[in-house]
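Here are the chains, one letter per residue:
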Amino acid sequence: MYSFGVFQSYFVSENLASSSVVSFIGTVGAALLPAFGIVSGRLAERFGFRRMIFIGTLILFLGLILASFSSKVWHLFLTQGVLFGLGASIIYFPAVSVPPQYFSKRRGLATGTAVAGSGVGGLVVALVTTKMLDALGFQWTMRITAIFALVSLLAVNPLLESRIPPAPNSKADFTIFKDIRFFLLVGTDFCLTFAQLVPIYFLPQFAEERLGLPLATGSAVLSVYNGSSALGRVLLGLGADGLLGSLNSLMLCTFFSAASLFGLWNTAGSLPVLVLFAIVNGFVGGGFISLFPVTLASIFGVRRLPSVVGTLYSLSSIGNLVGAPLAAYIKDTSGGFAAAIYYAGGVTLVASALVLVVRLLEDRNLFKRM
C-alpha cells in the first residue's frame, strides 16, 4: 500500500487508465483494510490472533498472484485491490493489537517499533519495485512480491501470541458508541484518511510532471517518505512515552502535517524542497499510525483494543477509498497539483481541530502530559 505510488505512475505512463481511475486500484485495498477492521478485530478476539493472521496471509498472497495475471483495470480492482485489502485487514488488526498487551510504560515505543516495519518496507519496496518493473515487467514483479509476502508473513506468525486468550462466546461491546471521545477520534481519523494517501500516491507523479524528473527519482522520494515515516513511528512513540503523552503527540502530528502540506509541498519547485517535504510529512504521518492504537488503549483499555481499533478504522475507511481519487480528480480538473494539495491540507486542519477537542475534554491544561 505504501509503495502504490510507484504503480500509480507506472500504470499512468503505460496508458492503462487515467490518474483518477488508476488511483482507485490502490485505494480499494487501502479502504478495505480499515473497513473490514471491525470484523477483523472480532474474528481475532473469538478465534485467536495467529489463526486469523494465517488466513489473512493466504488471502493477501492470492490477491497478489492473481494480479500478476490481470490484463484489465477491473481485474486489478478485484485482485490488487479487494483481495489484497481483505487479507491485509485480517493481518493488520490482530498484529497491531499485540504490542500494547505486553507494555504499559513503553507502550508507545513498542507499538511504534512494531508498525515501523511498514514504513521500512515501503522504503525498500518502492525502490525494488521500480527496478523490477523496469527489468522484469509487471507480471513477474507481482509474483516475486507475492512469494516474498507469503514467506515473510508465515515466518513471523508464530511470534504473534496474544496475552488475552480467545473468547469464542464473547458478545460485541457497544458501550463505546456512548462515548463522545470515540466519535471525535473517529472524525479525526476520518479526515486524516482523506489526506494521508495523497502524498504516498502522488509524490512520484508530482516529481515527474511538476519537476520534470524521471520515475526512478520520484520513487526515491517516495522511499524517503516511507523511511522518514518508519523513523517517526518509533521516535514519536518514544516521545509519547517519555515526554508528551500519546494524545498530545497525536495533536501535534496533525498540526505539523497540515503545515507541511501548505508550506512545503505546495511551494516545492525543486528536488531538495520536495525531499524536505517527504521527510517532514512522512515523519509526522508515521505518528498517526503508531499513536492512534496507543491513544485508544490509554482511553479505552487494552482488553477490547482489537475491536476498538477495528471499529474506529472501519467507520473512517471511506477516506481511504475516495481520498486519493478525489485529489486526482481535483488535480485533473484544476490543471495542476495546487488545488489537490490545498484539499489535503484543509481536511488535515479539520482533523487537528477535532483531536484538540478530545484533548480539552480529557484535561483543559494543554501543558499536562497526556
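Residues numbered from 1 in each chain as written. Predicted model: local features only at pLDDT ≥ 70, side-chain atom pairs only at ≥ 80, totals over all residues. Heavy atoms only, no water.

### Some thoughts on helix α8 (residues 138–156)
Since there are 3.6 residues in each turn of an α-helix, residues three or four apart along the chain are aligned in direction.
Then step 1. Counted at 1.5 Å a residue, the expected span for α8 with its 19 residues is 27 Å, and the 27 Å between its end C-alpha atoms agrees.
Then step 2. Of all the positions in α8, only F138, T141, M142, R143, A146, A149, L150 and L153 are classed as buried. (Helix = DSSP H or I, 4+ residues; strand = E, 2+ residues; numbered from the N terminus. Expected span 1.5 Å × (residues − 1). Buried < 20%, exposed > 50% of the residue type's maximum accessible area, 1.4 Å probe, protein only.)

### Describing the nonpolar core
Then step 1. The biggest cluster of nonpolar side chains holds 86 residues, and the ones touching the most others in it are F11, F202, W265 and L274.
Then step 2. For this core, the leading source of residues is helix α9 (residues 180–209), giving 16 residues.
Then step 3. What L274 contacts, discounting residues up to four positions off in sequence, is L203, F206, A207, L211, V221, W265 and A268. (Core = buried A, V, L, I, M, F, W, Y, C linked by side-chain atoms within 4.5 Å. Contact = heavy atoms within 4.5 Å.)

### Here's the deal with the pattern of salt bridges
Then step 1. Counted under the stated rule, the structure contains four salt bridges.
Then step 2. For the salt bridge of R181 with D179, the shortest nitrogen-to-oxygen distance reads 2.6 Å.
Then step 3. Here E362 and R181 are joined by a salt bridge, their closest N and O atoms 2.8 Å apart. With a gap of 181 residues between them, E362 in helix α15 (residues 338–362) and R181 in helix α9 connect regions that are remote in the sequence.
Then step 4. Using a relative accessible area of 22% as the deciding quantity, one classes R181 as partly exposed.
Then step 5. A single salt-bridge network, built from bridges that share partners, covers D179, R181 and E362. (Salt bridge = Lys/Arg side-chain N within 4 Å of Asp/Glu carboxyl O.)

### Regarding the side chain of N266
Then step 1. The topology assignment puts N266 in the loop between α11 (246–265) and α12 (271–300).
Then step 2. Within the structure, N266 has its side chain in polar contact with the side chain of Y342 (distance 3.0 Å).
Then step 3. In this structure N266 touches R210, L261, A338, I341 and Y342, once residues within four positions along its chain are discounted. (Polar contact = N/O pair within 3.5 Å; in protein donor to acceptor, adjacent residues only side chain to side chain.)

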